[in-house]
Amino acid sequence: MKKDSFWALADVVRPLYPQKLLRGSAPLVDCNKAILMTLTYLGLQISMDEVGDRFGVAVSTVHKEVYLVVKILCDLKTRYIVWPTQNECTIIENQFRERAGFPGVIGAIDGCHVHVLAPARDQAAYNDRKMSHSIILQGICTATKIFTNVSIGTPGSRHDCTAMALSSIHRKIVSEGPKSVIYEDRFHLIGDKAYPNRCWLMAPYKDNGNLTRRQKKYNYHHSQTRVVIEHTFGLLKGRWRRLLALGLKDVAEDTNFILAACVLHNFCYLRNDLVIQEMAGDARRVEQQAFAFNDQQSKEVGSQKREEICDIVG
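Residues numbered from 1 in each chain as written. Predicted model: local features only at pLDDT ≥ 70, side-chain atom pairs only at ≥ 80, totals over all residues. Heavy atoms only, no water.

A. Broad picture of the nonpolar core. Membership of the largest hydrophobic core comes to 74 residues, with the highest contact counts inside it found for Ile35 and Leu137. It is helix H11 (residues 251-270) that contributes the most residues to this core, 12 residues altogether. Formed jointly, this core draws a minimum of three residues from each of two domains, domain 1 (3-78) and domain 2 (82-283 + 291-313). When sequence neighbours within four positions are dropped, the list of residues in contact with Ile35 reads Phe6, Leu9, Ala10, Val13 and Val69. (Core = buried A, V, L, I, M, F, W, Y, C linked by side-chain atoms within 4.5 Å. Buried < 20%, exposed > 50% of the residue type's maximum accessible area, 1.4 Å probe, protein only. Helix = DSSP H or I, 4+ residues; strand = E, 2+ residues; numbered from the N terminus. Domains from an automatic or database assignment. Contact = heavy atoms within 4.5 Å.)

See below:
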């Protein structure tokens, strides 16, 4: 994190940081030092003991301050992880189209696994395909690698499609219809083969060895567009290396630390992205609209929509 970004972050966190009273001769840990300890812990794979040694404080102080700043960052999630408006979707769609010519995309969706210490009584539920214990971070990002939605906490043994079904954005689509989130018929998310193809979510053609040339070309443009979410996860874990292996004893706390890292990711990127700056400055919610939702109809419309896009890019 650049120095000017740190001071900007301190200005955001300080109003939410509680006032402290001096007791005894020990110096108080101020807001700036608490943020530095938190960034150090999230940015490196070191223990809180080692953080305490670096900053000359007891491990209990590190624990208290880091958890406090993480909670504040989580409280800021609706300010920095913001779903775009209809007008902003037009800008985001143009940014995606510039990558590989794939039309209509307003977000790339995928899930990544974050290794955790699984609860002793429920180890199997967190056992992922690599035989490690993890939880799933599902993210939706823009072409400029900004998270517009995250869903955290699905056990690692579940499929990405299951994680999507449990997410708030999918529940909103089911209860209020795709246009409550996607706004226009021409817009959609883009996801890999783990996701179903729907009118609001474009998946690739499944390759069973019989794809036509145009379908293969569609899959190529689809892949070149969707890969931005994988790059975003890579940048997230590369900067906040604590996410490579969280060693906390409570899965609920794991989700808070992951969310805090996502907020910090967007905070750093917003300083170079005018669209997300406008989004972060507006504490809005997705508009509430009432639509009847029919998943079978969505599937049929999605197939037709995919064929139309296949004609465009093929």
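B. How the structure looks around the environment of Ala245. Positionally, Ala245 belongs in the loop between helix H10 (228-239) and H11. As a C-alpha pair, Ala245 and Glu308 span 63 residues in sequence and 43 Å in three-dimensional space. Non-local contacts of Ala245, meaning those with residues more than four positions away in its chain, are made with Gln45 and His115.

C. Expanded view of the UniProt feature "domain: DDE Tnp4" (unreviewed entry) in the protein. UniProt records the feature "domain: DDE Tnp4" (unreviewed entry) at residues 109-266, using the numbering of this structure. With 36% helix and 18% strand, the stretch residues 109-266 has end C-alpha atoms that lie 16 Å from each other. (UniProt positions renumbered as here; feature names shortened; annotations may be inferred.)

D. Molecular detail of the side chain of Gln138. Its location among the elements puts Gln138 in strand E2 (residues 134-141). Accessibility expressed as a relative area gives 1% for Gln138, which makes it buried. A polar atom in the side chain of Gln138 sits 3.1 Å from the backbone nitrogen of Met164. Aside from chain neighbours lying at most four places away, what touches Gln138 is Ile109, Asp110, Gly111, Asn149, Val150, Ser151, Asp160, Ala163, Met164, Ser167 and Tyr195. (Polar contact = N/O pair within 3.5 Å; in protein donor to acceptor, adjacent residues only side chain to side chain.)

E. Representation of the packing of aromatic side chains in the model. For the structure on display, the rule yields seven aromatic pairs. Considering the side-chain rings of Tyr80 and Phe267, the 5.5 Å spacing of their centres and the 70° angle between planes classify their relative orientation as edge-to-face. Within this pair, whereas Tyr80 is found in helix H5 (residues 77-80), its partner Phe267 is found in helix H11, the two being separated by 187 residues in sequence. Across this residue pair, the class does not change: Tyr80 and Phe267 are buried. An angle of 40° between the planes, with centres 6.0 Å apart, marks the rings of Phe147 and Phe233 as tilted. Here the residue Phe147 occupies a position in strand E3 (residues 147-155), and Phe233 occupies one in helix H10, the gap between them amounting to 86 residues. What links up through ring pairs into an aromatic cluster is the set Tyr41, Tyr67 and Phe257. A cation over a ring is seen here: Arg242 above Tyr41, with NZ or CZ 4.3 Å from the ring centre. Cation over ring: Arg306 sits above Tyr205, and NZ or CZ is 4.3 Å from the ring centre. (Phe/Tyr/Trp six-rings, centres within 6.5 Å; stacked < 30°, edge-to-face > 60°. Lys NZ or Arg CZ within 6 Å of the ring centre and 35° of its normal.)

F. Inspection of H10 at higher detail. Look at H10: 16 Å from first C-alpha to last across 12 residues, which is about the 16 Å you get at 1.5 Å a residue. Each element contacted by the buried residues of H10 is listed here: helix H6 (86-100), strand E1 (105-115), E2, E3, helix H9 (213-226) and H11. (Expected span 1.5 Å × (residues − 1).)

G. The pairing of E2, seen in detail. Of all eight residues in E2, eight are buried, a share of seventy percent or more. A two-sided burial pattern is seen for E2, the buried positions comprising Ser134, Ile136, Gln138 and Ile140 on one face and Ile135, Leu137, Gly139 and Cys141 on the other. Of the strand pairs in this sheet, E1 and E2 are connected by eight bridges, and their pairing is antiparallel. By the bridge assignment, Ile109 is partnered in E2 with Ile140. Where E2 lies against E3, seven bridges are found, and the strand directions are antiparallel. (Pairing = 2+ DSSP bridges.)

H. Quick peek at the environment of Glu184. Structurally, the position occupied by Glu184 is in the loop between helix H8 (168-176) and strand E4 (188-190). A residue is classified by how much of its surface remains accessible, and Glu184, at 22% relative accessible area, is partly exposed. Separated by 124 residues in sequence, Glu184 and Ser60 have C-alpha atoms that sit 51 Å apart. A polar atom in the side chain of Glu184 sits 2.7 Å from the side chain of Arg186.

I. Summary view of the sheet that holds E3. Taken in spatial order, the five strands make up an open sheet running E3-E2-E1-E4-E5, and their pairing is mixed. At either end of the open sheet lies a strand with only one pairing partner, and these are E3 and strand E5 (201-202). Pairing geometry for E1 and E4, over three bridges, is parallel. Across the sheet, Val105 pairs through a bridge with His188, a residue of E4. Along the sheet, H10 contacts E1, E2 and E3; its crossing angle with E1, the most-contacted strand, is approximately 45°. (Axes fitted to C-alpha atoms, helices over the stretch in contact; angles between N-to-C directions.)

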